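Results of the structural survey
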Amino acid sequence: GDLDKVVNLLLSLSGRLARVETALGSLGPHAPAEDKLALQEKQRLLVAQLEDAKELKEHVGRREEAVGAMVARYLPAEHLQDYQHFVKMKSALIAEQRELEEKIKLGQEQLRCLRESL
């Protein structure tokens, strides 16, 4: 459960940071200074939060290793391999699910824009 939460947090913060950086990059030279400062402050906070989330992921990783070592004492080799595969795939699948959700959101937004332009 913690792994799910941390992976989702990392993905969420990364996505938000990317959007803020895109917004900063798209600001023209005549953009109000307060808009630029607000985006830069948001970027600074997101970078700090992302670093904290990475530390949290490392902590969860260390805890996962400890749990894995404990589980290894009680499971036969084939079940242990299944467990290890499950743990590895879970993070990958969460990331893939999040990516697909973002693509769906983007597609829906593009459809809305197309409908409005017609």
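Residues numbered from 1 in each chain as written. Predicted model: local features only at pLDDT ≥ 70, side-chain atom pairs only at ≥ 80, totals over all residues. Heavy atoms only, no water.

Leu3, Leu10, Leu13, Leu46 and Leu50 are the most contacted members of the largest nonpolar core, which totals 15 residues. Residue assignment for this core shows that the elements contributing at least two residues are α1 (2-26), α2 (33-74) and α3 (77-117). Examining the composition of this core, we find that 8 residues originate from one element, α1, more than from any other. Those residues in contact with Leu3, other than ones at most four positions away along the chain, are Val60, Glu64, Val87 and Ser91. (Core = buried A, V, L, I, M, F, W, Y, C linked by side-chain atoms within 4.5 Å. Buried < 20%, exposed > 50% of the residue type's maximum accessible area, 1.4 Å probe, protein only. Helix = DSSP H or I, 4+ residues; strand = E, 2+ residues; numbered from the N terminus. Contact = heavy atoms within 4.5 Å.)

The subject of this paragraph is the UniProt feature "coiled-coil region" (unreviewed entry) in the chain. UniProt's feature table lists "coiled-coil region" (unreviewed entry) at residues 90-117, given in the numbering used throughout. Across residues 90-117, the secondary structure splits into 100% helix and 0% strand, with the terminal C-alpha atoms separated by 40 Å. (UniProt positions renumbered as here; feature names shortened; annotations may be inferred.)

Between α1 and α3, the shortest axis-to-axis distance is 10 Å and the interhelical angle comes to 35°. Where α1 crosses over α3, the two elements pack in a sense that is right-handed. Packed against α1, whose contacting residues are Leu3, Asp4, Val7, Asn8, Leu11, Ser12 and Arg19, the element α3 presents Val87, Lys90, Ser91, Ile94, Ala95, Arg98 and Glu102 at the interface. Of the residues that constitute the contact of α1 with α3, the class distribution is 6 nonpolar, 3 polar and 5 charged. (Axes fitted to C-alpha atoms, helices over the stretch in contact; angles between N-to-C directions. Left-handed = near helix turned anticlockwise from the far one by under 90°. Nonpolar A, V, L, I, M, F, W, Y, C, P; charged D, E, K, R; others polar.)

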